[in-house]
Amino acid sequence: MDFDRAVVVEPLACALNNIEAGRLEAGETAVIVGGGPVGVVCAMAARHYGARVLLIEPDPYRQELCRTVFARDGDGRVTVHTPDDPDLAGRGDVVVDTVGSLLEQSLGYAAVRGRVVIMGYNSKASATVRPLEILQRGLQIIGAGDYNSQVFPKAIELARWLPLERLVTHRFPLEEHKAAFAALAAAPETPYSALKVVLVPE
């Protein structure tokens, strides 16, 4: 496969592991929290599974990138939203927190008997949940971790059918690695200027 598609296979394997942990089914609604590369890959996979996808991203630049990625599909099954969109409340049969620090918000996006999957890594994150709300709404909170050896071959096969290369917005030679990380907003208070960056050796 094309190298730009191949570099996204590993994130796709992670996405599949978490979406399968959430037991997403065709016809359900998936809310993907976070419109970075992992969130966009999750949205692609959820759409492929037959779900209606609501992708949440606060940054205007990344919102536009996300819309561009899915505009070519032409079916409107993936839409991009701001976190405070009131129409998101209680919508997700499956909610995937790709950020790793938005469990409380993710519970608010979940439908009755919804499944909330914590996918993103954030060692400093903490959350306050109300056990009675989880009980009364029949919610499930799920942690699945990265991919496993059974999922990776699935990701390789699925990559044949997903336009993963659409995520790649920038390429840099190895010598310009500092500029590559700057494009990813690795420095505090730096705005986003890329979605997926690829370092290319000479």
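In what follows, the accompanying structure is described. Within any chain, residue numbers begin from 1 and follow the written order of that chain's sequence. Only residues with pLDDT of at least 70 get local features here, since the model is predicted, and only at 80 or more are side-chain atom pairs given and counted; chain-wide, interface and lining totals rely on the full set of residues. In computing side-chain values, all of the structure's heavy atoms are included and hydrogens and water are not.

Description of the pattern of salt bridges
Now for step 1: Definition used for salt bridges: Asp or Glu carboxyl oxygen within 4 Å of a side-chain nitrogen of Lys or Arg. Under the criterion given, the structure shown has 11 salt bridges.
Now for step 2: The salt bridge involving arginine 115 is made with glutamate 28; its shortest N-O contact spans 3.0 Å. Here arginine 115, found in strand 5 (residues 110-118), pairs with glutamate 28, found in the loop between helix 2 (9-21) and strand 1 (29-33); they are 87 residues apart in sequence, far enough to count as distant.
Now for step 3: Whether a residue is buried, partly exposed or exposed follows from its accessible area with a 1.4 Å probe, protein chains only, as a fraction of its type maximum: under 20%, in between, or over 50%, in that order. On the basis of relative accessibility, which here comes to 10%, the residue arginine 115 falls in the buried class.
Now for step 4: Aspartate 73 is the partner of arginine 47 in a salt bridge, and the nearest nitrogen-oxygen pair spans 3.9 Å. Counting from the N terminus, the helices are DSSP H or I runs at least four residues long and the strands are E runs at least two residues long.

Re the sheet that holds strand 2 (residues 52-56)
Now for step 1: Taken in spatial order, the six strands make up an open sheet running 3-2-1-4-5-6, and their pairing is parallel. The strands lining the two open edges of the sheet, one partner per strand, are strand 3 (78-81) and strand 6 (140-143). The sheet shows a mean angle of 20 degrees between the axes of neighbouring strands, direction not considered.
Now for step 2: As paired elements, strand 4 (residues 92-97) and strand 5 share five bridges and run parallel to each other. The residue bridging glycine 92 from the neighbouring strand is alanine 110, located in strand 5. Only when DSSP finds a minimum of two bridges between them are two strands counted as paired. A fitted line through C-alpha atoms represents every axis, and for helices the fit uses only the stretch in contact; the resulting angles, taken between N-to-C directions, go from 0 to 180 degrees.

Quick word on the packing of helix 3 (residues 37-48) against helix 4 (residues 60-71)
Now for step 1: The N-to-C vectors of helix 3 and helix 4 enclose an angle of 30 degrees; their axes lie 11 Å apart at closest approach. Between helix 3 and helix 4, the angle falls in the class roughly parallel. In this structure, the crossing between helix 3 and helix 4 has a hand that is right-handed. Facing Pro37, Val40, Ala43 and Met44 of helix 3, the residues of helix 4 in contact are Arg62, Cys66, Val69 and Phe70.
Now for step 2: Partitioning the contact of helix 3 with helix 4 into residue classes produces seven nonpolar, no polar and one charged. Note on angle classes: values under 35 degrees are labelled roughly parallel, values over 145 roughly antiparallel, values of 65 to 115 roughly perpendicular, and the remainder oblique. Helix crossings fall into two classes, left-handed where the near helix is turned counterclockwise from the far one by less than a right angle and right-handed where it is turned clockwise. Any two residues having at least one pair of non-hydrogen atoms within 4.5 Å are treated as being in contact. As a working rule, the residues Ala, Val, Leu, Ile, Met, Phe, Trp, Tyr, Cys and Pro are called nonpolar, Asp, Glu, Lys and Arg charged, and the rest polar, with Gly in that last group.

Notes on the environment of alanine 159
Now for step 1: You can see alanine 159 is positioned in the loop between helix 7 (151-158) and strand 7 (168-173).
Now for step 2: Residue alanine 159 is classed as buried on the basis of its relative accessible area of 0%.
Now for step 3: Residues alanine 159 and aspartate 93, 66 residues apart in the sequence, show an inter-C-alpha distance of 25 Å.
Now for step 4: In this structure, alanine 159 is in contact with Met1, Arg5, Val9, Leu12 and Leu164, ignoring residues within four places of it in sequence.

Topic: the nonpolar core
Now for step 1: Buried residues of nine kinds, namely Ala, Val, Leu, Ile, Met, Phe, Trp, Tyr and Cys, make up a nonpolar core once their side-chain atoms join them within 4.5 Å. Counting 40 residues, the largest nonpolar core has Leu12, Ile32, Val40, Leu55 and Phe70 as the members making the most contacts within it.
Now for step 2: Elements with a minimum of two residues in this core: helix 2, strand 1, helix 3, strand 2, helix 4, strand 3, strand 4 and helix 7.
Now for step 3: When near neighbours in sequence (up to four residues on either side) are disregarded, isoleucine 32 contacts Gly39, Cys42, Ala43, Val53, Leu54, Leu55, Ile56, Val96 and Thr98.
Now for step 4: In this structure, Ile56, Leu88, Leu103 and Leu139 belong to the second largest nonpolar core, which totals 12 residues.

Focus on the pairing of strand 5
Now for step 1: Seen with its strands pointing away from the viewer, a crossover is right-handed if its path from the first strand over the helix to the second goes clockwise. Handedness of the strand 4-helix 5 (residues 103-109)-strand 5 crossover: right-handed.
Now for step 2: Two strands pair when backbone bridges link them, and strand 5 and strand 6 are joined in this way by four bridges, in the parallel orientation. When the sheet's bridge partners are listed, valine 116 is paired in strand 6 with isoleucine 141.

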